[in-house]
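An overview of the molecular structure
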Amino acid sequence: MDDNGLPEGKMPQLRLIAAPSEANKLGNIFGGWVMSQVDIAGSIPAEIRARGPVVTRAVTSFEFQKPVFIGDLVSCYAEIIDQGRTSITVSVDVFCQRHHQGSLSCTKVTQAEVVYVAIDADGNPKPLPTSIIKETL
Ligand SMILES: CC(C)(COP(=O)(O)OP(=O)(O)OC[C@H]1O[C@@H](n2cnc3c(N)ncnc32)[C@H](O)[C@@H]1OP(=O)(O)O)[C@@H](O)C(=O)NCCC(=O)NCCS
């Protein structure tokens with residue numbers, strides 16, 4: 001971890017502020033909003049790997065480890081951990097930075113694994129490209 005408590009040397013796929021409009025009746029951020037951000041973040045390395053569109057096929061694990069609060073700076077880190085003929089499995093970690101008693105704290109709030117499938121123009125599974133080129137964001 002770096003000095004801010006975020007993954008060392010990695011760039012988040014998504015960073016955004018949790019808005020009051022995303023709160024649930026308890027005043028915390030709605031879990032479905034977090035799931036949506038995880039899905040979007042995970043799809044980014046998957047689409048880069050597939051060099052085309054992917055769809056979400058399965059969420060194989062999803063843990064809400066800590067709550068997200070209004071005003072948190074939410075950072076989603078996603079990396080490919082497995083791939084098959086047409087599928088790409090992405091691990092997504094979500095961290096929140098928030099001001100607390102005059103200092104900025106950082107907490108890991110969510111961990112998930114999502115399986116994406118590359119699709120063709122008809123929406124059918126499409127084999128991943130085999131040639132190795134440098135994947136860049
Ligand atoms: C994605 C879709 C085209 C795949 O079609 P399918 O007939 O299920 O295809 P397959 O059974 O061949 O599975 C495709 C890949 O997904 C993998 N897969 C299927 N079910 C899985 C599961 N529950 N967990 C993990 N991987 C799974 C398969 O192992 C296969 O991987 P591989 O080719 O790397 O070996 C189809 O299921 C679909 O359209 N689903 C809806 C997608 C959607 O609307 N998502 C939400 C919005 S993006």
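Here's a quick rundown of the structure. As the structure is a computational prediction, the values presented were derived from the model and not from experiment. (Residues numbered from 1 in each chain as written. Predicted model: local features only at pLDDT ≥ 70, side-chain atom pairs only at ≥ 80, totals over all residues. Heavy atoms only, no water.)

**Some details on the site of the ligand**
Close to the ligand lie Val55, Thr56, Arg57, Ala58, Gly84, Arg85, Thr86, Ser87, Val115, Val117, Gly123 and Pro125. Here a nitrogen atom of the ligand sits 2.9 Å away from a polar atom, N or O, in the main chain of threonine 56. Contact distances for the ligand include 2.6 Å between an oxygen atom and a side-chain N or O atom of threonine 86. Surface burial for the ligand is 48%, taken as the share of its 960 Å² of free accessible area covered by protein chains. (Near = heavy atom within 4 Å. Polar contact = N/O pair within 3.5 Å; in protein donor to acceptor, adjacent residues only side chain to side chain. Areas by Shrake-Rupley, 256 points an atom, 1.4 Å probe, with all protein chains shown as cover.)

**Things to note about unusual backbone geometry**
Positive phi, close to 50°, is recorded for arginine 51, a residue that is not glycine. Along the chain, the position of arginine 51 falls in the loop between α1 (31-50) and β2 (54-64). On the basis of relative accessible area, arginine 51 is assigned to the partly exposed category, the value being 34%. (Helix = DSSP H or I, 4+ residues; strand = E, 2+ residues; numbered from the N terminus. Buried < 20%, exposed > 50% of the residue type's maximum accessible area, 1.4 Å probe, protein only.)

**Some remarks on the nonpolar core**
Core analysis: the biggest nonpolar cluster contains 25 residues, and Val38, Val68, Val74, Cys76, Val90, Val92 and Val94 have the highest contact counts within it. For this core, the element with the most residues is α1, which contributes six residues. Apart from the residues lying within four places of it in its own chain, the contact partners of valine 92 are Val38, Ala41, Gly42, Cys76, Tyr77, Ala78, Thr110, Gln111 and Ala112. (Core = buried A, V, L, I, M, F, W, Y, C linked by side-chain atoms within 4.5 Å. Contact = heavy atoms within 4.5 Å.)

In short, geometric facts, not functional conclusions.
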